[in-house]
Each structure stands twice: as C-alpha cells, then as structure tokens.
Amino acid sequence: MSTGGYQGPTADFTPTGFGSDSPETSSRNGASASVINPPLFAADYKRHEDLKSMLDSSKDGQKREAMKLIIGMVAKGKDCADLFPAVVKNVVSKDSEIKKLVYVYLVRYAEEQQDLALLSISTFQKGLKDPNQLIRASALRVLSSIRVPIIAPIMMLAIKESVTDMSPFVRKTAAHAIPKLFSLDPELKDELVEVIEKLLKDQTTLVAGSVVMAFETVCPDRIDMIHKNYRKLCNLLVDVDEWGQVMIINMLTRYARTQFANPNQEEVAEDAPFYGEKKKKKKKPKKKKGYTMDPDHRLLLKNAKPLLQSRNAAVVMGVAQLYHHVAPRNEFGIIVKPLIRLLKGHVETQAIVLSNIATISADRCAMFEPYLKSFYIHSSDPTNIRLLKLDIIANVAGESSIHTILREFRTYISSPDKQFAAATIEAIGRVACSISEVTETCLHGLMSLLSHKSENVVAQSVVVIKKLLQLHPKQNKDLIDQVARLADSVTVPMAKASILWLVGEYCSLVPKMGPDVLRKAAKNFVNESDIVKLQTVNLAAKLVLSNPKQTRLLCDYVLSLAKYDQNYDIRDNPVSSLNGLFLQGEETALSKYAKKILLAPKPAPVLESAFKDRIHWQLGSLSHAVNSEATGYMALSDFPAEPPDPSVRNVEDDSWWGKTKEKKKNLHGDSDSEASNFYSSISGSDVSGSDNEGSEEGSGSESESGEESEEEEEEEGETSSDEEDALEKLKKRFGKKIEVSDSEESEEESEEEEEEESSEEESETETSSDEEEETPRRSAIAKPKVAAGKTAKSSALKPTAAASPRRSEEPSLLDFDGWDSVTASTPNSAPLNSYPISTATAVPGASTNLLQPLTNQMAALATSSPSSSASSAPPSTKPFTQEIISAVHTPKKTYDLLNRITGNGLAVTYHFCRRSHITSSKMVAIDVTFQNCGDSTLSGIRTGSPQLQSGMRMSSDVNIKALTAGTSQTVTVGIDFNDTLQPAKFEISVAPGKRYPVQIDPLVGELLRPMSVSEDKFMALKDKLTGMHENISKLSVAVSPASLQPAVLEVANMAPVATTTKSNMQRYAAVTSTGNLPVLLTIVCAEDTKIVVNCEKMVFNSMLAKAVKESLV
Amino acid sequence: MLDNGYPLATESNVLKELIKPPSLVRSVVHTITGESKLANVSSTLPTGQLSNVPWRRTGVKYANNEIFLDLIEELDVIIDKSGTTIVAEVQGKIQANSRLSGMPDLTLSFMNPRLLDDVSFHPCVRYKRWESERVLSFIPPDGPFRLLSYQISSQSNVALPLYVTPQFSFSGGSGKFEVKVGPKQTMGKVVEDVKLVVPMPSCVTNVNPTSTYGMPSYDPVSRTVTWNIGKLQTQKYMSMNGSVTMTSGEAPESNPTIMVEFKISQLAVSGLKVSRLDIYGEKFKPFKE
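This one's a predicted model, so the numbers in the text were calculated from it and none came from an experiment.

Trainee: Account for the overall build of chain A, naming residues and giving values.
Mentor: A tally of regular secondary structure across chain A gives 49 helices and 15 strands. Counting all 1113 residues of chain A, 58% fall into the buried class. A separation of at least 24 residues holds for 69% of the contacts in chain A among residues at least 6 apart in sequence. Of the accessible surface of chain A, which amounts to about 46000 Å², a share of 54% is contributed by carbon and sulfur atoms.

Trainee: Could you give me a rundown of the overall build of chain B, with the residues and numbers involved?
Mentor: Of regular secondary structure, chain B possesses three helices and 17 strands. In chain B, which comprises 289 residues, the share counted as buried stands at 43%. Partitioning the intrachain contacts of chain B with sequence separation of at least 6 by distance along the chain shows that 71% fall at a separation of at least 24. Summed over all atoms, the accessible surface of chain B reaches about 14700 Å², with 51% contributed by carbon and sulfur.

Trainee: I'd like a description of the sheet that holds strand β5 (residues 953–954) of chain A, backed by residues and values.
Mentor: All names here are of chain A. The strand order β1-β2-β3-β7-β5 describes an open sheet built from five strands, whose pairing is antiparallel. Strand pairing shows two members of the sheet lacking a second neighbour, β1 (895–898) and β5, which therefore form its edges. Sheet topology places β1 next to strand β2 (residues 906–916); three bridges connect them, and they run antiparallel. Bridge pairing in β2 links D896 to T909.

Trainee: Can you lay out the sheet that holds strand β10 (residues 174–183) of chain B for me, pointing to particular residues and giving the numbers?
Mentor: Residues and elements named next belong to chain B. Here we have four strands laid out as an open sheet, ordered β9-β10-β15-β12, and antiparallel in their pairing. Unpaired on one side and paired on the other, β9 (162–171) and β12 (204–211) mark the two borders of the sheet. With strand direction ignored, the average angle separating the axes of adjacent strands in the sheet is 15°.

Trainee: Outline unusual backbone geometry, supporting the account with residue identities and numerical values.
Mentor: Working note: non-glycine residues mostly have negative phi, and peptide bonds are mostly trans. Positive phi, normally seen in glycine, also occurs at A:N978, with a value near 60°. Position of A:N978 among the secondary structure elements: in the loop between β7 (968–976) and β8 (984–990). A:N978 gets classed as buried once you look at its relative accessible area, which sits at 3%. Backbone geometry at B:R223 places phi at a positive 55°, although glycine is not the residue there. Assessed through its relative accessible area of 30%, B:R223 is described here as partly exposed.

Trainee: Would you mind going over the side chain of A:S374 in detail, with residue names and values included?
Mentor: Of note, A:S374 is situated in the loop between α22 (365–368) and α23 (383–396). Note on A:S374: relative accessible area 8%, which makes it buried. Not counting the four nearest positions on each side in its chain, A:S374 is found in contact with A:I340, A:L343, A:K389 and B:E89.

Trainee: Explain the interface of chain A and chain B to me, using residue names and the numbers behind them.
Mentor: A common way to report how large an interface is uses the accessible area buried once the components associate. Contacts between the two partners involve 65 residues from chain A, matched on the other side by 49 residues from chain B. At the boundary of chain A with chain B, total buried surface from both sides reaches about 5500 Å², with 58% on carbon and sulfur atoms. Summed over the shared surface of chain A and chain B, the number is three salt bridges. When the shortest N-O distance is used, the salt bridge between B:E89 and A:K344 registers 2.9 Å. The interface formed by chain A and chain B includes eight residue pairs in polar contact (both at pLDDT 80 or more). The element that contributes the greatest number of residues to the side of chain A that touches chain B is helix α4 (residues 60–75) of chain A, accounting for six residues. Here the residues of the side of chain A that touches chain B are counted per class, giving 20 nonpolar, 24 polar and 21 charged.

Trainee: Kindly report on the environment of A:K892, identifying the contributing residues and their values.
Mentor: All names here are of chain A. Position of K892 among the secondary structure elements: in the loop between α46 (866–872) and β1. Residues K892 and F912, spaced 20 residues apart in sequence, show a C-alpha to C-alpha distance of 8.3 Å. Contacts of K892, omitting those with residues within four sequence positions, involve H911 and E1050.

Trainee: How would you explain the packing of aromatic side chains if you had to name every residue and give the values?
Mentor: As enumerated under the stated definition, the model contains 14 aromatic pairs over all chains in all. With centroids separated by 5.8 Å and ring planes inclined at 70°, the aromatic side chains of A:Y230 and A:F260 adopt a geometry described as edge-to-face. Of this pair, A:Y230 sits in helix α13 (residues 230–236) while A:F260 sits in the loop between α14 (242–259) and α15 (265–270), and the two are 30 residues apart along the sequence. The class of A:Y230 is buried, set by a relative accessible area of 0%. On the basis of an interplanar angle of 55° and a centroid distance of 6.3 Å, the ring pair of B:F121 and B:Y127 is categorised as tilted. What makes B:F121 buried here is its relative accessible area of 2%. One cation-aromatic arrangement involves A:R386 over A:F420; the distance from NZ or CZ to the ring centre is 5.0 Å.

Trainee: Describe in detail the side chain of A:E242, supporting the description with residues and values.
Mentor: Considering the arrangement of structural elements, one finds A:E242 in helix α14. With a relative accessible area of 11%, A:E242 lands in the buried category. A polar side-chain atom of A:E242 sits 2.8 Å from a polar atom in the side chain of A:R311. Excluding residues within four positions of it along the chain, A:E242 makes contact with A:R311, A:N312, A:V315, B:T10 and B:P123.

Trainee: Give a detailed account of the confidence of the model for chain B, specifying residues and quantitative values.
Mentor: Residues and elements named next belong to chain B. When pLDDT is averaged along chain B, the result is 78, and 82% of the positions lie at 70 or above. Taken element by element, the predicted model of chain B shows its lowest mean pLDDT in helix α2 (residues 24–33) (67) and its highest in strand β7 (residues 135–138) (89). What the predictor reports for the complex is a pTM of 0.59 with an ipTM of 0.84.

Trainee: Can you tell me about the pattern of salt bridges, naming the residues and giving the values?
Mentor: Residues and elements named next belong to chain A. In the structure shown here, the tally under the stated rule is 26 salt bridges over all chains. A salt bridge links K89 to D56, with the nearest nitrogen and oxygen atoms 3.1 Å apart. With K89 in helix α5 (residues 84–89) and D56 in helix α3 (residues 38–56), this residue pair connects regions lying 33 residues apart in the sequence. Residue class for D56 comes out partly exposed when judged on its relative accessible area of 49%. Here E1006 and R914 are joined by a salt bridge, their closest N and O atoms 3.0 Å apart.

Trainee: So, the confidence of the model for chain A: which residues are in play, and what are the values?
Mentor: All names here are of chain A. On average, residues of chain A score 70 in pLDDT, and 70% of them reach the 70 mark or higher. Within the model, pLDDT remains below 50 along residues 268–289, and this stretch shows 19 contacts once partners closer than five positions in the same chain are excluded. Confidence over residues 653–727 falls short of pLDDT 50; this stretch has 162 contacts with residues more than four positions distant or in other chains.

Trainee: Tell me about the packing of helix α26 (residues 436–449) of chain A against helix α28 (residues 477–485) of chain A, and name the residues and values.
Mentor: Residue and element names in this part refer to chain A. For the pair α26 and α28, interaxial distance at closest approach is 11 Å and the crossing angle is 20°. By the angle class used here, α26 and α28 are roughly parallel. Where α26 crosses over α28, the handedness of that crossing is left-handed. Residues L443, H444 and M447 of α26 lie in contact with α28, whose contacting residues are L479, Q482 and V483.

Trainee: Break down helix α30 (residues 513–523) of chain A for me, citing the residues and quoting the values.
Mentor: If you check which residues of α30(A) are buried, you get A:M513, A:G514, A:P515, A:V517, A:L518, A:A521 and A:A522. In the core, the buried residues of α30(A) are packed alongside α28, α29 (493–505), α31 (530–546) and α32 (548–563) of chain A.

Trainee: How would you summarise the environment of A:L500 if you had to cite specific residues and measurements?
Mentor: Residue and element names in this part refer to chain A. When you line up the elements, L500 lands in helix α29. Taking relative accessible area as the criterion, L500 reaches 1% and is therefore assigned buried. Filtering out sequence-adjacent residues up to four positions away, L500 remains in contact with V517, A521, V532, Q535, T536 and L539.

Trainee: If you had to explain the packing of α26(A) against helix α27 (residues 455–471) of chain A to someone new, which residues and values would you point to?
Mentor: All names here are of chain A. The geometry of α26 relative to α27 is characterised by a closest axis approach of 9 Å and an angle of 150° between their N-to-C directions. If you check the angle between α26 and α27, you find them roughly antiparallel. Seen from above, α26 lies across α27 with left-handed handedness. Each of L443, L446, M447 and L449 in α26 lies in contact with α27, whose residues at this interface are V457, V458, S461, V464, I465, L468 and L469. Partitioned by chemical class, the residues of the contact of α26 with α27 number ten nonpolar, one polar and no charged.

Trainee: Outline the environment of A:P168, supporting the account with residue identities and numerical values.
Mentor: All names here are of chain A. One can find P168 in helix α10 (residues 168–184). For the pair P168 and Q133, spaced 35 residues apart in sequence, the C-alpha separation works out to 9.0 Å. Not counting residues within four places of it along the chain, the set of residues in contact with P168 comprises T204, L206 and V207.

Trainee: I'd like a rundown of α31(A), residues and numbers included.
Mentor: Relative to the 24 Å expected for 17 residues at 1.5 Å per residue, α31(A) spans 25 Å between its end C-alpha atoms, a close match to the ideal helical length. When you tally the buried positions in α31(A), you get 13 out of 17 residues, the bulk of the element.

What counts, and at which threshold
Residues numbered from 1 in each chain as written. Chains lettered and ligands numbered in written order. Predicted model: local features only at pLDDT ≥ 70, side-chain atom pairs only at ≥ 80, totals over all residues. Heavy atoms only, no water. Helix = DSSP H or I, 4+ residues; strand = E, 2+ residues; numbered from the N terminus. Buried < 20%, exposed > 50% of the residue type's maximum accessible area, 1.4 Å probe, protein only. Contact = heavy atoms within 4.5 Å. Areas by Shrake-Rupley, 256 points an atom, 1.4 Å probe, with all protein chains shown as cover. Pairing = 2+ DSSP bridges. Axes fitted to C-alpha atoms, helices over the stretch in contact; angles between N-to-C directions. Buried area = accessible area lost by both parts, 1.4 Å probe. Salt bridge = Lys/Arg side-chain N within 4 Å of Asp/Glu carboxyl O. Polar contact = N/O pair within 3.5 Å; in protein donor to acceptor, adjacent residues only side chain to side chain. Nonpolar A, V, L, I, M, F, W, Y, C, P; charged D, E, K, R; others polar. Phe/Tyr/Trp six-rings, centres within 6.5 Å; stacked < 30°, edge-to-face > 60°. Lys NZ or Arg CZ within 6 Å of the ring centre and 35° of its normal. pLDDT = per-residue confidence, 0-100. Parallel < 35°, antiparallel > 145°, perpendicular 65-115°, else oblique. Left-handed = near helix turned anticlockwise from the far one by under 90°. Expected span 1.5 Å × (residues − 1).

See below:
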C-alpha cells in the first residue's frame, strides 16, 4: 500500500498548502497503527481506500455508511486526518445525516488542516440557512471551532445572524461561539458585546446560561448590560441547565455586590462579635435603621434558594457563596445543611467544600455547631480531609460542645497518622485559646501528653503548651516549671527550642530552673540543630540580664561557641553581637536598654484557623481553593455605601407606565402588551419556565409563586421609596390584568421570544409572517381579559356608579368608559351570588343593551334561563372578541353535592352552567341549587371554609338567610380551578351549627371556554402543540358524524370549527379557563374513531380524550 | 460533552444516546453480523437537547412498561473503643430504572415525607411541587438514574445488627489479636456481605490470620487484614485470630481501627417508605406498578 497512491486525489483537491501537511499526518497515522496493532496496519489502509471510494460514490447510502465508519474510528481515537479532503467534499451533501456526520468530523480535524477547512466554509454558510435547526447549530459550531484568523469576519457575520434565529438551540450555539471568536480575535470585542447585549434579552432557559458564560468571558465589567435583564435571569434561574446556573449565580453575586446595599450594615458598623450581633439585631427592628432590602435583591435570594436542592455540587456551592456574600446574616442558615450534604460526595468535592466551610465557620461558627458530628473524622478519610475537618471542628467548638470534642480529640491523638495527630494537638490549643472555660483542662490534658510514647506528640504538645502558657504565664508557674524539666528528654528541635524560649522568657517566674537548663543546653550546644542553638543564645542573653551572677560564665561560653558557628544566622545573631558589646563591661547606650529589648513583654500569639485569611476570596472560586489569585479572578467589590438607583432594572415599560397611568384608558391597545412585557420580567417568565416542562400543575404552583413574589414586593414596597411605592401600587392595580396576559404569553413564548419587545416595536419591525399571525390573536384574547380585570376593579372602586352604557353598539377596543360604567352597575349583582334571581334580574335590561353583538346561542340561552341572565351579563362573555364565545350547548346534567338524607332535609345539587363567572373570567360558573326537602324552614345556609389547592380560588360565599320548606334556590358559585382537576372542597353550614363538608369535582370539559377559530388558525395552533402536547387515542367503534357533535358538546364546553374540506373530520376548539391555553380536539370518523387532543396541559390532553371517548361509546 | 470548555451535555442519557456503551449483547451481535464495532455510534443527534426535558430522549418505546425504584440507604457509624455509637448518619438515595414509553409524568409520594429534610434531586423533579405538597413529580429520564438523594443526620438510636469485639495485645516484637463477630438485632433480616478490614500499624511486618469461618487474608503492601465473612450465620461462632510480627522495639501507640461493612436487603434504616407511584400523561398500562 503506497502512500503516494492516496495522496493523489488530495493533491488534486487542494492546489496549495496541503502538500506539506499530508505526508506528516499520513505517516503519523501509519506509525500509530503499526505500533498499536500491526495486523490492522494493512486493513486500515485498505479501509481508508475503500472509504474514499465509498465517499466518492454517487449513492447517499454508501456515503452515509462510510461517514459512520469514519466517525466510529474517530470515536475510537484512530487518526482519520488523511481522509479530510474526501470528507470535506461531502459537506455539500443534501442528506442531512451525512451532513451532520461531516460536521462532527470537521469539528475534530478542522483545526489541524486549516487550509483545507477553508474550503468547507461556504458550505457552512449555506448550512447556516438550513431549515433543520440541528444543522444550523452544528454548522455554526463547526465554523466557530475552526481557528483560522482570516475567517473571523465570516464568523462574526454568522454569529450576528444566528442570534436572531428562531431556534433557541441555534442561539445557544451562537452564545457559545462568542468566546471562541473573542479568543481568536480580541479586537472584535465591541461588536461581540453588542451581540451579547442582544442575546441577554433572550427569554429562553436554553440560552440564558450560555450567554452569561459569554458575558463573563468577553465583558465581565459591563455590569450595566445586566440591569434590564436582571429580573428575567433571576426568574429563569431554576429552569436553566446546571452549568448555566453556576455561571448565572456567580455573575449575579458580583452584580448584587455592586448594586445593592449591604444587608448587614448595622453589624458592620458596630463591629461586634457574632453573638452580640445577633442579640442586637433582635432588639433593633429593621425599620429603625431604615434599611429595607431591595425587592430585586430579595428576588435573587428567593429564586436561588431552591437550587440548594440540586444534585450538582457546583450549583449548591454557587448558591452557598451567593448567600455568604449577599444575604443578610440571619438568612444564611439555610445553606448549612446542603453544604454538609455535599460532604458525602467524592473526596475532591469534599476537600473544596470543607475548605469553604472552614472559611465560613471561621467567621460564623454558630451556624455549624449543631452539625458538629458531621465533621467527625472517619477512618477512611485521607489526611487532607482530616486536617480540614479538624480545622472546622476547632472553629465551631463552643462551650456546650467542647467536652465531646475534647473526648473525640483524644482518640485522634492516638492515630497512626502523625501529621493528623500533630494537627489535633494544635486544634486542642486553638480550642483552649478560644474558650477560656476549658483552657485549664486543655492545658492539663496537654501536659499529660508530655509523657506520651510518641515523640511527635510530645513535641507538638510542647509547642502548643508554650503558646498557651503565654496567655496566662503567672498562673501557670508550676506548669512552666514542669515543662522546663522536659528540656533534656525532648529531642525534637522545635519542642526543645520552645522550652528554651519559655524558660528564658519567664526566667523571673522560675529563677532556679534557668541556669540549670542553660548549663545543659550549653553542654550539648554543638550537636543541636540551628533553631535550638538560636534559642540557647537567646536564653543565655536573657539569663545574664536577670541573673548575671550564676550565668555570666555560661553565657560567655555559649556566645563564644556561637561566634564560630557554621551557620551565619547564629554567628550574626543580633543578640550575640549585642551581648558581645555589653559583656565587655562598658556601659554603652545599648546595654542600658538591653533588658528592655530582650525582656519586653510580648503579646500572646493568637491561635486561629489557617482559613481565616481566605475570607477575602470569593467562596468557591479557584483562588479561594489555592489561596492565591488565579488568572481571571475578579474580586468581589464591597457593597456600595449608597446603592445605585434601583430603577435601572426596571424594564423600560415600567417608567412608561408610571407616566401614563392617567392616560392608560385611551392607550389601552398598546398598554396591554406593555403590561405583559413588564410583568414577565417580574414573574411571568417563571411561569413560562415550568409550563414548558409540560407539567400539569405547572401554572398552578407557578402562578402561586408569582403571587407570592408580588405580595412580597408589595410588603416591601410599603417601606421603600416613594417611587417604588408608586410602582407597587401600579402592580397591585394591574395585578390581575397582567397575570392574564402573562400566562397568555407563556403559551407562545416557546415559539417567539422576539415578541417580548414592546408592541410598538413589534408591529413596526417584526415582519415575519408567523409573527403577524400571532400578534392579533394574542391581543384579541388578552384584551377582553383586561376588560374583565378592569371592570372587577372598577366595580369595587365605585360601587355607586350609575349604569349608563354609552356606546354599546360599537364594540370598540378603546371603549372603556362605557364598559366601565356598565359593569359598574353590576355591583348590585356582583356580591349577589348570595341573593340570587330576584335582585339580579334587574340588571339584564342594562346589560342586554350592551350585549347586542352576542351570538345567537347566547341570546337564546339568556332568555331561556332567566335565572342565569344576571350572571350571563358579565364582561367575560366578551362581545368584543371573535375568538372566545359563549357556550354552544349547556348540558342539563346535575350532580349531587349534598344528599338530602345526610343534609337533614337540605339537598344541594350543582350543575355546570357554562357561563363565565361574573367576577372573573377565570372562574368556572357553577349553579348550585339548594332545596329544602324537609318540613321546617332552614335558615342561615352558608358556604365557607374552602380547602383549595394552591392557586385555586372560589368566589364569595353563599349566604341564604332562610329557605322555607319545599322551596329551592339557585346560586351561582364561581371556582377558579386553576386549570387543574383538583376538587374544590368547602363546607355548607346550616344555622344551628350543622356543618357538611362537600366537594365539587371539576370535569375536564367544564374547565374550558369555547373558542371560535378558523380552520387555518386551528391547524396553525395544532402544529405548535405536537409531541408531548398531543394525545391520540382510538376508539374501535365507528361513530356517525351526526351523533358526534351533541355527544362532544355534552362533555366538553368547546366550539366546533367550521370545516370546508373533509366531512368525516370534526374539529373543536376552546381555551382553558384560567390559563387561556388553547385546547384543540380533532375527531376523525372512519372505521374506527380517532380522537386527537392538543393542549399544553398534558392532563387536559389525556383526561379530555378519555371524557370524549366515554361519551361516544 | 463540552463546547470550548463549557459543559454542554452532562446528562448520561444524552451521552449514551450519542455513543452507546458497549455491552455483551451488542458485541455478540456485531461479531455475528460482521458489522464491526461502529454501530456503537449513533448517527443521529440527540433530539432531547432541543426539548424542554433535555434529560429524556424522545420516542421511547417499550413492550413492557415498567419502572424500578431502589431505595438504597447507607449508614455511616463511628463507634468508639467502649462500643458506644458516636456518630450515626444515614445517606439514602432512590435509584430508579425507568423503562416507560413516551413521555410519562410520574408522581411519587412517600408514607413519611417528613423524614426527608435535606434532599437533592435529579433535575427532572419539580421543586415547587415538592415544596408545597411533598410529593415528587417528574418526567423520568429513560434508563437508570438517581432520582434523589437525602441525608438524615442525628439518627440517635440506630440499632446495629451485629457486634464486633476486637482484642489486641502487642508486646515487644510480636502481638496477638482476636476479633469476634456475631449478630445482634437483625430484625429477622439476613445480614450479608459482611467484611472486616483491619489496617495494621506501620510497624507490623507480617500477620497470620486464621478464622473459624471464611478466609481472612493479609495484604503486606497496604498492611491490611481483610476478612470476608459473607452471610452472617446466627448459629456459628465466628472469630478471627492471628499473630502479628513487628519490627522489634516499636510498639503501636494504639489499637487499629476496624472497618466493618455489611449489607441488609429489604430494609431502610430511616424507615422511609414509598406509598404510591402514579403515572399520568400516557395511556399504556404499566406492567407492574
């Protein structure tokens, strides 16, 4: 097999530059193959030849097979570089599978063969326009992975283009490409920053993590770009992928440190010890100091909290450091448990976590005290972990736990691990130092260790004892004496030096010991190690000052030995020269002060954690782990004394809202989508996040959280600045409205992120056909809701307003004044759930006026059941919209709520009346009929104490003063089931203290509101709800199309879609009552009936399909 | 999978979809069909990345729809010389193996969720639901995965099912030891895979362990005596004794620490119990619930 043979085609293919590359790679290939597996040598070459011919063949199948083989070889680590030209040719292949494989190959080899790779670039540019998002993404990835400086402009263009791509996956890849391009050509920074700014606006979880990563590598100092996206990032946090979470948390920590006021201001100012702080804090309520946490600051902490439950140690660590650096001290406690959980991970994780805990615990010891036992050393721990744990135990030890700790330490000392035992003794010293109560005990314990068998233990004990004795030398005279006696027996230099120093320092306390110790030390001087020699000289000097009579000669001897010592340190020791001076008997200036210099009182050493000094590093960072600044480390700035203007984080529309608060009625068309935009930055995206997950309870729990945050913000808003106050009020005011449009948005979000921009911009700039289709629909659905919210409010605000519908004939979107006043008339009927029929019937006169554009069915319904006319008037029947219409059919079926036997004569039934409820369009209206079947009058019938799942709501309670025997009364009750199928439980009570717990079980078909759409629209919607949002079930029975419609309408409150084509196919559309999510039902009648349900709520899908199926059988 | 150093996909299911892990069956198939090892590489990119549930691959289909949940608890205990328990910690995890078609939405509830106060979840679990209702609601990944892990500390009275009484005596250049093992409160369960590891002090040069049951062995490199007992017999008297040779003059400062491992199946120390598992969102009938 000659190499020349297969170089031929490559030479054809690349006119320049390749010649030098190719032989090198091929020979490398040959060599490696022969070394690893000689018999394969020939086979490999043959394979390459074969592969080439396969790649050159005209059949896609063969090419695909060849590419698979090549990628297989790449995956196995075999060099396939020589196939490069043959593979590159196939980059133009039409087959997407081949294309993908070629891309994979290029990512691997493009960097090695840059010149050849250039040939493929035009294909990538084409690939960037491929309809398949995976191809687009990988084209971009490969393009950005080719490190050829000349193509930087092309990359820039490609990135710019991909940033506006429809697919979030492609945008994510674009974000990844940014740092690659930045490292290739740093001069493009400005342009890249612009791109990042654009990407930061993205609303999808997929992109968020990656773009923050790009931000951190390219322009971490441009914190101003974060302002507008801050709230969004906080809200998306939970749903971002793990590594993205780490990135975002770290970035937001930095952000928070620059933008918010220090939550621990008081403490810093007072600079009191930790225990003290705690008490003081309790005494001083926050208001006194005037510190209120910025709602955004709170938002970050709140949203980061659930991440402590992540399985990824990096995420938990990230949140922990966030809380450490940003949270108020009293909230810090929640991170303790998760951190301790991490200790069960790998040794490497343990080491990092422990070193961080060590740093934290040096500062906030009380936090970890309850978990002390988690830091006990296991026999399987490696030494570095043991040392870290010891450090933490010593940090954490408090008065209550000290005795168990000391017992534990005693066991550790006998460990065969010398380093560990020594560290334990040091830890004992630290504990003794910090807790004065046990200093004595520890000291005695350590003294007993002096007779320990192990030399090391003794030596270390001496060193620690020396330090401890320095604390209270006077009281421990006898101990010093005892230690001094050890001077001959101890051989470890450090220990011996310590003893000598101790004797010298406290020679006045043990006057008899000094000369004797010195004598022995002098005797052995030449054999000692340097440190002991130094201390001997020191001791001699000190003694001669205090007791010249006995020691002068000895001192002379020692000094003369030292003078000729080999070690220049000892020779030149200032002490020796100093002594040399005054020992000659002359009174020099120095000798006068000799005593002061040598025997000056020295401060006791402070024994503290080795991790204390790491406190200034950002926790969890590499710099913290190695305790020196790593490249790219960005120090956390201190909290600003005066926090910057918080309004910078408001999305533009906020301020707009504030200004036009008065005018909003006139501008309502615009403000609607503004509102949704604005709100999504507070809680909206949260909703969307988990809706995307397709969770059945998604919007339930999420919207609850949305409310929560709203509440919280409201509370805080009260104490914050006026400006914020105003904002909060606005929020409160428009809370309902915003919530509605918000959920509407979440539905579309997955397809169209661009829509987030303000609506003016939207209509002007966005021209894609898809968008155009979406926008009107959205506004159409959302607006009536606005009306609903608005009217509910206005009715509450001005209950006495007169009923004067002005422009009922023209259903204009701007017609708010008229609309307000109409519904303002309903206050009579709004609380009127409880006084049914009689008073409510007064209203229809006014409201039918307005309801002229109502559909025929509705009108028929209104007249046929007068009892319902009161509540059929509510705004949510929407004369405005073409889409949500009133019920096409109302089932007659009633359900028992309370049996007349159990109810002692009171029978209660309910019936889904398929009207919108008067107070909120989200509520499902239910007619509840109370019937007195007994013989006596029942009085004081009430409903109350509802037990509802979170997110569910019930309208005001029923209160029937009296119900005479044999009569019945119907009351409309509204329940917002929050798009779940949870039962609404409540109690019915009858006057003399009787209570009956009852529950209303929602039927899936009743949680809908019919929507009238065109067939095209229906199909467009359906196309978006595929995959897991689709439920297909089959019925083996054939159903005649004629009988189909009544059956379906009986179980589901949907509207049939007018069909033009196939007659055996029927379509129905509706929206869910709370979330306004479209629900689409398609029934195909053939030999067997096929039922297809599309809805974002998967529970709806399956339950509705089931219900329809049952109705058809 | 990394892109320019940034983790792109770390979910094992996604990675397995990209490159299938080698298995015996597959290698047999390859040998027979002569397809060579290359079919291990999937030719399609994982579509899961694009969806909102990146951990689950799309288009899963099984004939038998089943999911296995293994509740595994590990007990870490430190016992001092006198036999008192100093620390007892329970770490548990639920290891699941999902073999369910389509996009099932599962809800797992516990009899006593209060036990779990510090938990970490697989990303598929919905935090909010756990916070509010203490049930695990999730769309599982396909195949084996760890659903959650938890830690229960300060378990005050963990009844250990066995006892170990060691006796060591070192004098001069030699020593003797005897270790007895026997069952305590086993609660009717079988204690399996009992294994004792005794790391000897560094001055020990050789150990000759013998035992009444099982085969103890001494590894001179790591200086450890390992005694694999296997199933703990209730009737038999089990002890290991032996003599120790040491470099003369040195006596170990303390007795060695003994590490004991054992396994009990069908028992959760913490008492955590799964009450039910509901499947929503898919039509199929689970093979076994």
